Amino acid sequence: MAGRAARVGRPAKKKVNPLVARGITEIDWKDTSLLRTFVSDRGKIRSRRVTGLTGQQQRQVASAIKTAREMALLPYTSTAR
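Residues numbered from 1 in each chain as written. Predicted model: local features only at pLDDT ≥ 70, side-chain atom pairs only at ≥ 80, totals over all residues. Heavy atoms only, no water.

**Student:** Any chance you could explain the overall build of the protein chain here in plain terms?
**Tutor:** Tallying secondary structure elements over the protein chain gives 5 helices and 0 strands in all. In the protein chain, the succession of α and β elements from N to C terminus is α-α-α-α-α. Burial statistics for the protein chain: of 81 residues in total, 27% are counted as buried. Counted over contacts in the protein chain with a minimum sequence separation of 6, partners at least 24 positions apart contribute 57%. Carbon together with sulfur atoms contributes 53% to the accessible area of the protein chain, which is approximately 6,400 Å² in total. (Helix = DSSP H or I, 4+ residues; strand = E, 2+ residues; numbered from the N terminus. Buried < 20%, exposed > 50% of the residue type's maximum accessible area, 1.4 Å probe, protein only. Contact = heavy atoms within 4.5 Å. Areas by Shrake-Rupley, 256 points an atom, 1.4 Å probe, with all protein chains shown as cover.)

Printed below as a string of structure tokens:
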């Protein structure tokens, strides 16, 4: 467990919530520039662990991304392979 031993002396850095930092309280499915920050280059929704959102915010973002995909504002997958 060499990786764990390397982290012992260093305090964990608190991840900043990107929605709180921007002052966003309501997540809108029409705001594609915001939603693209939570989607990987392959088209997958990034996990909570990666984004730093709360559970409730993550569910709202996932729902907004799915709605935006349905309305053809966001792609389901990337076209470049």
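**Student:** Help me understand the pattern of salt bridges, please; the structure alone is not making it clear to me.
**Tutor:** When their charged atoms lie close together, side chains carrying opposite charge are able to pair. All told, the structure shown has 1 salt bridge when counted by the stated rule. The shortest N-O distance in the salt bridge between Lys30 and Asp28 comes to 3.9 Å. On the accessibility criterion, Lys30 (52% relative accessible area) is exposed. For Asp28, a relative accessible area of 33% translates into the label partly exposed. (Salt bridge = Lys/Arg side-chain N within 4 Å of Asp/Glu carboxyl O.)

**Student:** Just checking my understanding: could you explain the confidence of the model for the protein chain for this structure?
**Tutor:** Interpreting fine coordinate detail is not advised for predicted regions of low pLDDT. Scored by pLDDT, the protein chain comes out at a mean of 88, with 86% of its residues at no less than 70. Model confidence for the protein chain, summarised as mean pLDDT per element, is weakest for helix α1 (residues 2-7) at 57 and strongest for helix α5 (residues 55-70) at 97. (pLDDT = per-residue confidence, 0-100.)

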